Amino acid sequence: MAEKAKKMADPVEATYDVASQKMIKRAQELGIETVFDRAVTMKACNIGAGGTCCKNCSMGPCRLPLPKGGIEGKDERMGLCGATANTIAARNFIRMIAGGAAAHSDHGRCVAEVFMSAAKKETEAYKIKDTKKLLAVAPLLGIATTEEVEGEQVQRNIDDIAVETAEAALNEWGKAEGELLYPKRAPEALYETWKKNGVLPRNIDREIVEIMHRTHMGVDQNYQNLMKQGTRAAIADGWGGSMLATDLQDILFGTPYPLASEANLGVMKQDMVNIVIHGHEPVLSEVIVAVAQTQEMIDYAKEKGANGIQLSGICCTANEILQRHGVPLCGTFLQQELAIITGACDAMVVDVQCIFQNLANVANCFHTKLVTTHPIARMEQDLEEGNVLHIEFDEHHALRDAKKIVKMAIDNFTNRRVEVMIPEEKSPIVAGFGVESIEYHLGGTFRGSYFTLNDNIINGRIRGIAGVVGCNNARTRHNEAHLIVVKELIKNDVLVLTTGCNAIACAMDGLLTPESAAVYCGAGLAEVCETVGIPPVLHLGSCVDNSRILLAATEVVKAGGLGNDIRDLPVAGSAPEWMSEKAISIGQYFVVSGVYTVFGVTMPTSGAPVFQDYIFNEYEKMYGGMWDFEVDPIKHAHKMIAHIDKKRKALGIDKARERVLMDMEARMAIE
Ligand code: SF4
Ligand code: MSK
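This text gives an overview of the structure that appears in the document. (Residues numbered from 1 in each chain as written. Chains lettered and ligands numbered in written order. Predicted model: local features only at pLDDT ≥ 70, side-chain atom pairs only at ≥ 80, totals over all residues. Heavy atoms only, no water.)

## Observations concerning the overall build of the protein chain
Helix and strand content of the protein chain: 28 helices and 18 strands. Each principal axis of the C-alpha atoms in the protein chain carries an extent, and together these give about 75 × 70 × 65 Å. A burial count over the protein chain gives 61% of its 671 residues as buried. The protein chain carries 68 positive and 86 negative side-chain charges, and their two centres are separated by 4 Å. (Helix = DSSP H or I, 4+ residues; strand = E, 2+ residues; numbered from the N terminus. Buried < 20%, exposed > 50% of the residue type's maximum accessible area, 1.4 Å probe, protein only. Lys, Arg positive; Asp, Glu negative; His and termini not counted. Charge placed at Lys NZ, Arg CZ, Asp CG, Glu CD.)

## Some words on a nonpolar patch on the surface
Residues Met59, Leu80 and Met217 make up a contiguous nonpolar surface patch of roughly 300 Å² in combined accessible area. Secondary-structure assignment places Met217 in the loop between helix H9 (204–214) and helix H10 (223–253). (Patch = residues over 30% accessible without salt bridge, like charges linked within 9 Å, V, L, I, M, F, W, Y side chains within 5 Å. Areas by Shrake-Rupley, 256 points an atom, 1.4 Å probe, with all protein chains shown as cover. Salt bridge = Lys/Arg side-chain N within 4 Å of Asp/Glu carboxyl O.)

## Here we look at the pairing of strand S12 (residues 427–431)
Here S12 shows a buried face lined by Ser427, Ile429 and Ala431 and an unburied face lined by Pro428 and Val430. When strand S5 (residues 259–263) meets S12, the two strands line up antiparallel, connected through 5 bridges. Bridging across to S12, Leu259 finds its partner in Ala431. (Pairing = 2+ DSSP bridges.)

## Observations regarding the sheet that holds strand S14 (residues 494–498)
Sheet strands associate in pairs through backbone hydrogen bonding, adopting either a parallel or an antiparallel arrangement. In spatial order, the strands read S15-S14-S13-S16-S17-S18; together these 6 strands make up an open sheet with parallel pairing. Looking at which strands have only one partner, the edges of the open sheet turn out to be strand S15 (537–539) and strand S18 (627–629). Strand after strand, the sheet turns through a mean of 25° between neighbouring axes, direction not considered. Here 3 bridges tie S14 to S15, and the two strands are oriented parallel to one another. Looking across to S15, one finds that Leu497 is bridged to Leu538. (Axes fitted to C-alpha atoms, helices over the stretch in contact; angles between N-to-C directions.)

## Brief notes about the site of ligand 1
Around ligand 1, 13 residues are found, and the nearest of them are Cys54, Cys57, Cys62, Cys81 and Met217. A breakdown of the residues in the shell around ligand 1 according to their chemical character gives 9 nonpolar, 3 polar and 1 charged. (Near = heavy atom within 4 Å. Nonpolar A, V, L, I, M, F, W, Y, C, P; charged D, E, K, R; others polar.)

## Some thoughts on the site of ligand 2
Near ligand 2, the surroundings consist of 13 residues, among which His280, Cys354, Cys471, Cys501 and Cys543 are the closest. Sorting the residues of the shell around ligand 2 by element identifies helix H13 (315–325) and helix H20 (500–508) as the ones contributing at least two each. Of the domains in this structure, domain 3 (265–415) and domain 4 (429–656) are the two that each give at least three residues to the shell around ligand 2. (Domains from an automatic or database assignment.)

## Section: the pattern of salt bridges
Applying the stated criterion to the full structure yields 42 salt bridges. Residue Glu425 pairs with Lys22 through a salt bridge whose shortest N-O separation is 2.8 Å. Residue Glu425 is found in the loop between helix H16 (398–412) and S12, and its partner Lys22 is found in helix H2 (residues 18–30); the two are separated by 403 residues along the sequence. Two residues, Asp565 and Arg567, come together in a salt bridge whose shortest N-O distance is 3.8 Å. Residue Arg567 is classed as partly exposed on the basis of its relative accessible area of 23%. Salt bridges linked by common partners bring Lys133, Arg185, Asp247, Asp250, Glu320, Arg324, Glu436, Asp545 and Arg548 together as one network.

## Focus on the packing of aromatic side chains
Throughout the structure, instances matching the rule amount to 12 aromatic pairs. Seen in terms of ring centroids, Tyr223 and Tyr614 are 5.5 Å apart; in terms of plane orientation they differ by 75°. Their pairing is edge-to-face. One end of the pair, Tyr223, is in helix H10; the other, Tyr614, is in helix H25 (residues 609–623), and 391 residues separate them in sequence. Each member of the pair, Tyr223 as well as Tyr614, carries the same accessibility label: buried. Taken together, a centroid distance of 5.4 Å and an interplanar angle of 50° make the contact between Trp578 and Phe599 tilted. Taken as a pair, Trp578 in the loop between strand S16 (571–575) and helix H24 (581–592) and Phe599 in strand S17 (residues 596–599) lie far apart in primary sequence, 21 residues in all. The pair formed by Trp578 and Phe599 is uniform in burial state, with each residue classed as buried. Clustering of aromatic rings is evident, with ring pairs tying together Phe93, Tyr223, Trp578, Phe599, Phe611, Tyr614, Tyr619, Tyr623 and Trp627. (Phe/Tyr/Trp six-rings, centres within 6.5 Å; stacked < 30°, edge-to-face > 60°.)

## Quick notes on the packing of helix H11 (residues 282–292) against H16
The geometry of H11 relative to H16 is characterised by a closest axis approach of 9 Å and an angle of 60° between their N-to-C directions. Taken as axis vectors, H11 and H16 run oblique relative to one another. Considering the relative orientation of H11 and H16, their crossing is right-handed. Touching Leu284, Val287, Ile288, Val291 and Ala292 of H11 are Ala398, Leu399, Asp401, Ala402, Lys403, Ile405 and Val406, all from H16. Residue composition of the contact of H11 with H16, grouped by class: 10 nonpolar, no polar and 2 charged. (Parallel < 35°, antiparallel > 145°, perpendicular 65-115°, else oblique. Left-handed = near helix turned anticlockwise from the far one by under 90°. Contact = heavy atoms within 4.5 Å.)

## Section: the side chain of Lys582
One can find Lys582 in helix H24. Here Lys582 is buried and forms no salt bridge, its nearest opposite-charge partner Asp351 lying at an N-O distance of 8.7 Å. Of the polar contacts made by the side chain of Lys582, one reaches the side chain of Gln353; its length is 2.7 Å. Once you skip the residues sitting within four places of it in the chain, Lys582 turns out to touch Gly100, Ala103, His104, His280, Gln353, Cys354 and Cys543. (Polar contact = N/O pair within 3.5 Å; in protein donor to acceptor, adjacent residues only side chain to side chain.)

## Focus: the environment of Ile484
Take Ile484: it is sitting in helix H19 (residues 480–491). Along the primary structure Ile484 and Pro576 are separated by 92 residues, whereas in three dimensions their C-alpha atoms are 9.5 Å apart. Residues contacting Ile484, with those up to four places away along its chain left out, are Pro633 and Ile634.

## Re H25
Taking 1.5 Å of rise per residue, 15 residues should cover 21 Å, and H25 covers 20 Å from first to last C-alpha, within 8% of that figure. A bend of about 40° at Asn617 is the largest found in H25. Where H25 is concerned, the buried positions are Phe611, Gln612, Tyr614, Ile615, Phe616, Tyr619 and Tyr623. Buried positions along H25 lie against helix H5 (85–119), helix H8 (188–196), H10, H24 and S18. One or two steps after H25, the chain reaches Gly624, where phi turns positive at roughly 85°. (Expected span 1.5 Å × (residues − 1). Bend = angle between axes of the 7 residues up to and from the residue.)

## Notes on the pairing of strand S13 (residues 464–468)
Of all 5 residues in S13, 5 are buried, a share of seventy percent or more. Pairing analysis gives 5 bridges linking S13 to S14, with the strands arranged parallel. Paired with Ala466 across the bridge in S14 is Val496.

## Some remarks on the side chain of Gln249
Its location among the elements puts Gln249 in helix H10. Only 2.6 Å separates the side chain of Gln249 from the side chain of His107, close enough to count as a polar contact. The residues touching Gln249, leaving out its near neighbours within four places in the chain, are His107, Val111, Gly254, Pro282, Glu320, Arg324 and Val544.

## Re the packing of helix H23 (residues 546–559) against H24
Contact geometry of H23 with H24 gives a least axis separation of 11 Å together with a crossing angle of 10°. On the basis of the axis angle, H23 is roughly parallel to H24. Residue-level contacts link Asn546, Ser547, Ile549 and Leu550 of H23 to Ile586, Tyr589 and Phe590 of H24. Grouping the amino acids of the contact of H23 with H24 by side-chain chemistry returns 5 nonpolar, 2 polar and no charged.

This is the structure:
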């Protein structure tokens, strides 16, 4: 009997991006299966997607499907132990927060440890680069930057400040007493809201561990109480682990400043050694960037017949090395397999998070060396002979590790065995914005303040600000929702701040250029962007850099004229194609910081309507922000715009938006 042909993805239905369509087709021609094909052949479970499948003990899994036609009267669904749909969904939801907060925060801890080595001068690979930022951050962790000498305040020794800052930062993960320090950076009203609701985090690790305890079989069975703990852990992520990661990375590697680069698979070069860096923690990739730029390595690449070394990145490590060094973006989360399928990837170096295990299978179809580098993120295959190998990174010999990896990639250049096919698509971009550079660029006449940004919001040129972030999800067309949501927002004069894979999607589509303002923006936003020369979509970095969005919102509050708290601002959040537990943690800290936040794809609360109503509606009274869910990207954007308009109305600045273009006759009538 003839074997039934395996179902494969339709490349055009699978992705909005033309380069990716070409590469999916290429993979299918070569008989290599990708995530896009598996998404067609493997269906997701609706009960799990709705949040009501519990497997927290071995009497389960207990699956509680939502009855057709919804719940009428009392919801009598329960698991064997009696756990209700609300309890199960809330437990699952906060376990996702724990996973996300742990990932971001452990990333932060790793950076803090490297920071400590650098401060103590135990490593030659890392040095404190941004002392100005060190002096700004140290007092936030309780470290004095000046001392009295002969009756005068003078700056303390910078090395002492660095070591004490590292100690204080590391203490935030496990201190025995008190509360996390960074939430005090939030607007005072927000800090008081957290205090009133009893959700101020004690330390980062404790809040994550407590989630695992509370959600163990037979512990916390009250969805509101469970969410209280989820909130503590989410704040410990956004205003703790992630914010520390961002700050310490800026001090160690430099605070990003706008720079030009390119994005999409077309940044790879046939005649060069291609090293693709993928993951989240930039500690090793920072050194790889430095080593790959040395004359010694460039000469070695030339000796092997290449014209040089082309670095590029996938996912958030990509965003990190882009924003500090201008290294081009190779692609988003869903393009990781495709980068290898070009046949030109001589080495892919991965660290932690968002790395497909299938990369090993794809790499073994080519000459590509797939290098795992992190002790906590290994692959089954990196123990075997073959293309997948483990070179464990350690900050004390980071230079040696980076050289070994770069040299190995160069040696591999001559081993390419499949015809190279790199799609030509790529877009120019301007990336690397942050709290500091927004202040500078939108400072207008009064450089170095947020007043001009606020002024443009008040006068209605800028209708509001949206944070659009998050992943790709193979259950939905790659990049489509990202781009429709963002374009609809900027068309309606909403300035977009972006991170993660949304930032890469926008980059690939040309939205990160100042020129895109004239093409896509409403008249007000276009005018602002053209005047100051910024894109309407500002790249703020990686997933941990969502903390930059929180701090930018705090600066807007401080600048005045738009209320006393983030909840008063005309702002909204969105993750149109989310997939990661980290996205749920980010969503939760956006929401409890006062930001209305809409998710696309699926919502892991939809199977428990009472619990969902709690975080979609009741939350607004408690925190000012609330969750929402909308798959249709146009409706998704308009829900955000409606919220922005609601806030403008509450602030009494809704009239300013109704700007009328007057002709001479009308002007004379006024005079
Ligand atoms: Fe089922 Fe309760 Fe065990 Fe969950 S904890 S699997 S609902 S018996
Ligand atoms: S990389 S977490 S797929 S944004 Fe940060 Fe992209 Fe989401 Fe990973």
